[in-house]
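This is what each chain is made of:
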Number of protein chains: 2
Amino acid sequence: MIDKLINTIKDDKDKWNQFQHILIEKNIASKTVLLHEGEISNNIFFIKSGCLREWFNKDGKDITFQFFFEGQPVASIDSFINREPSLFAIESIEPTTIITIEKADFENLLISFPELKMEFQNFIFQRFRNYGQLFLSRIKNSPKERYEELIKNHPEFIKRIPQHYIASFLGITPISLSRIRNRK
Amino acid sequence: MIDKLINTIKDDKDKWNQFQHILIEKNIASKTVLLHEGEISNNIFFIKSGCLREWFNKDGKDITFQFFFEGQPVASIDSFINREPSLFAIESIEPTTIITIEKADFENLLISFPELKMEFQNFIFQRFRNYGQLFLSRIKNSPKERYEELIKNHPEFIKRIPQHYIASFLGITPISLSRIRNRK
DNA sequence: GATGGACGATAACAATTGTTAATTAATTAT
DNA sequence: ATAATTAATTAACAATTGTTATCGTCCATC
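The rules we used
Residues numbered from 1 in each chain as written. Chains lettered and ligands numbered in written order. Predicted model: local features only at pLDDT ≥ 70, side-chain atom pairs only at ≥ 80, totals over all residues. Heavy atoms only, no water. Domains from an automatic or database assignment. Contact = heavy atoms within 4.5 Å. Buried area = accessible area lost by both parts, 1.4 Å probe. Salt bridge = Lys/Arg side-chain N within 4 Å of Asp/Glu carboxyl O. Helix = DSSP H or I, 4+ residues; strand = E, 2+ residues; numbered from the N terminus. Polar contact = N/O pair within 3.5 Å; in protein donor to acceptor, adjacent residues only side chain to side chain. Near = heavy atom within 4 Å. Nonpolar A, V, L, I, M, F, W, Y, C, P; charged D, E, K, R; others polar. Pairing = 2+ DSSP bridges. Axes fitted to C-alpha atoms, helices over the stretch in contact; angles between N-to-C directions. Buried < 20%, exposed > 50% of the residue type's maximum accessible area, 1.4 Å probe, protein only.

Points about the domain arrangement of chain A
Residues and elements named next belong to chain A.
(1) Moving on: Annotation of chain A at the domain level lists domain 1 (2-131) and domain 2 (141-184).
(2) Moving on: Inter-centroid distance (C-alpha atoms) of domain 1 to domain 2 is 26 Å.
(3) Moving on: Each side of the interface is counted separately: domain 1 has 14 residues, and domain 2 has 8 residues.
(4) Moving on: Each partner contributes to the roughly 950 Å² buried at the junction of domain 1 and domain 2, and carbon and sulfur atoms together form 61% of this total.
(5) Moving on: The tally of links between domain 1 and domain 2 comes to 2 salt bridges.
(6) Moving on: The salt bridge involving Glu94 is made with Arg160; its shortest N-O contact spans 2.8 Å.
(7) Moving on: Counting only elements with at least two residues in the side of domain 1 that touches domain 2, the list comes to strand S4 (51-58) and strand S5 (61-69).

Written as structure tokens, this is what we have:
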């Protein structure tokens, strides 16, 4: 999406001059919090390289529920769109390079490029659809089944992401995940 | 939504004549399947009275994951919009009166009434948002906590819906729900 | 009124997961 | 490099849930 975005802007020289500066590239260390839980999101991020997670606090523990990799746009959608406090934090797992765009800039961008607006609406739709799928997977399967599903559908998760985040993502303790892994 | 829809149509006499016939009222008995799992949805329903549930089959058991009451629109959204096989069935829990509209008719309706189109897009958005909330609730809370949350937020569910559907909705067996209920 | 089916409660046992704690391995910081 | 921190494994025990089966109640139908 970010490539398409950049290419779309580049195609129009005037607009490139106008919008180039709103794309801010940042290198962040591992475990950098980009958005805190409760904060109102003012930025949308695009991952150039690295990996982010979304998590929230539950009784002092953090619960991770989503991972994002290179190429993906990341935002606390509800917070970004409706200026509500974010229900969760966004944080890096690895050293990560992102492009961030401020809300106001992003909105101007969408006004100037209707095709990007469609793209963005589609992104929102997909994000919510993804929630639906995650939800059904939670209901349908046991932790063990979900782990096996994860190996099948997202082997890159297991390779790249520390195990305790995966455990959290699966809804179990790291201890339980360790048991599942060593049971077979 | 259905009231607004009917009122909107009624306001325009020509259009009322044109669209009146597409609204089909049906009385259905308890446990009537309106849409089977795997079937491509060709209708959207509006509940006048009664109660529906959405469920799918998992290893021979049925798993209920949503309830709907009077006033609510119900559809297997993905299937209805994209003509894909539905991932779940829609079935009545009580004797229920519904208004059904066929996909083609509904699409024509939305073309004639842009304000209804907005309403429908909002409905879709809310449905997906609801998935998001259900998803977070599943992650965040234990079955017991989810049951207590349900009592607090939807006491009408407990009154009206047979317990084994509630258990299924909570992600536990009816036996386990019975234990939770009698533990305190 | 009798019969069968659906629903809910309960019991006994197995399987799984959570909790706490100790140990080892791996990573990060100095 | 070394120390300090963080992550993963294992063990022992508690708590919860699933499974199977039995029993009683309510309701519909014959």
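Some remarks on the interface of chain A and chain B
(1) Moving on: Counting residues at the interface gives 20 residues for chain A, matched by 21 residues for chain B.
(2) Moving on: Buried area between chain A and chain B, summed over both chains or domains, comes out near 2,200 Å², and the portion from carbon and sulfur atoms is 74%.
(3) Moving on: Contact with chain B buries surface across chain A, with Phe128, Phe135 and Ile139 of chain A losing the most and accounting together for 26% of the total.
(4) Moving on: At the junction of chain A with chain B, the criterion picks out 2 salt bridges.
(5) Moving on: The salt bridge partner of Glu145 of chain B is Lys58 of chain A, with a shortest N-O separation of 3.6 Å.
(6) Moving on: Taken together, chain A and chain B are joined by 3 residue pairs in polar contact (both at pLDDT 80 or more).
(7) Moving on: Breaking the side of chain A that touches chain B down by element, the ones donating at least two residues are S4, S5 and helix H5 (114-140) of chain A.
(8) Moving on: Looking at which element gives the most residues to the side of chain A that touches chain B, the answer is H5 of chain A, with 12 residues.

Comments concerning the protein's contact with DNA strand C
(1) Moving on: In the neighbourhood of DNA strand C, 17 residues make up the surrounding shell, with Thr173, Ser176 and Arg179 of chain A together with Gln163 and His164 of chain B lying closest.
(2) Moving on: For DNA strand C, the backbone portion of the atoms within 4 Å of the protein, that is sugar and phosphate, comes to 65%.
(3) Moving on: Between DNA strand C and Ser176 of chain A, the relevant distance is 3.4 Å, taken from a phosphate oxygen to a side-chain nitrogen or oxygen of the residue.
(4) Moving on: Gln163 of chain B places a side-chain nitrogen or oxygen 2.6 Å from a phosphate oxygen of DNA strand C.
(5) Moving on: Of all the secondary-structure elements, those providing two or more residues to the surface near DNA strand C are helix H9 (174-183) of chain A together with helix H8 (163-170) and helix H9 (174-183) of chain B.
(6) Moving on: Among the residues forming the surface near DNA strand C, the class breakdown is 5 nonpolar, 7 polar and 5 charged.

Brief notes about the sheet that holds S5 of chain A
Residues and elements named next belong to chain A.
(1) Moving on: The strand order S2-S7-S4-S5 describes an open sheet built from 4 strands, whose pairing is antiparallel. A single partner strand is all that each edge strand has here, and the edge strands are strand S2 (33-35) and S5. Ignoring strand direction, the axes of neighbouring strands in this sheet form an average angle of 30 degrees.
(2) Moving on: One ladder, built from 8 bridges, connects S4 with S5; its direction is antiparallel. Bridging across to S5, Asn57 finds its partner in Asp62.
(3) Moving on: Contacts from H5 reach S4 and S5 within the one sheet, and its direction differs from that of S5 by about 125 degrees.

Brief notes about the environment of Phe69 of chain B
(1) Moving on: Along the polypeptide, Phe69 of chain B turns up in strand S5 (residues 61-69).
(2) Moving on: Residue classification places Phe69 of chain B among the buried residues on the basis of a relative accessible area of 9%.

A word on the pattern of salt bridges
Residue and element names in this part refer to chain B.
(1) Moving on: On inspection of all chains with the given rule, the structure shows 14 salt bridges over all chains.
(2) Moving on: Among the ionic pairs, Lys103 bridges to Glu107, the shortest N-O distance being 2.9 Å. In this pair, Lys103 and Glu107 both sit in helix H4 (residues 103-112), 4 residues apart, roughly one turn of the helix.
(3) Moving on: Take Lys103: its relative accessible area is 4%, and that puts it in the buried class.
(4) Moving on: For Glu107, a relative accessible area of 35% translates into the label partly exposed.

Some points on the protein's contact with DNA strand D
(1) Moving on: Around DNA strand D, the surrounding shell holds 18 residues, and the nearest of these are Gln163, His164 and Ser178 of chain A together with Thr173 and Arg179 of chain B.
(2) Moving on: In DNA strand D, atoms within 4 Å of the protein come 65% from sugar and phosphate.
(3) Moving on: With respect to DNA strand D, the side chain of Gln163 of chain A contributes an N or O atom lying 2.5 Å from a phosphate oxygen.
(4) Moving on: At 3.1 Å from a phosphate oxygen of DNA strand D is found a side-chain nitrogen or oxygen belonging to Thr173 of chain B.
(5) Moving on: Breaking the surface near DNA strand D down by element, the ones donating at least two residues are helix H8 (163-170) and H9 of chain A together with H9 of chain B.
(6) Moving on: Top element by residues in the surface near DNA strand D is H9 of chain A. It accounts for 5 residues.

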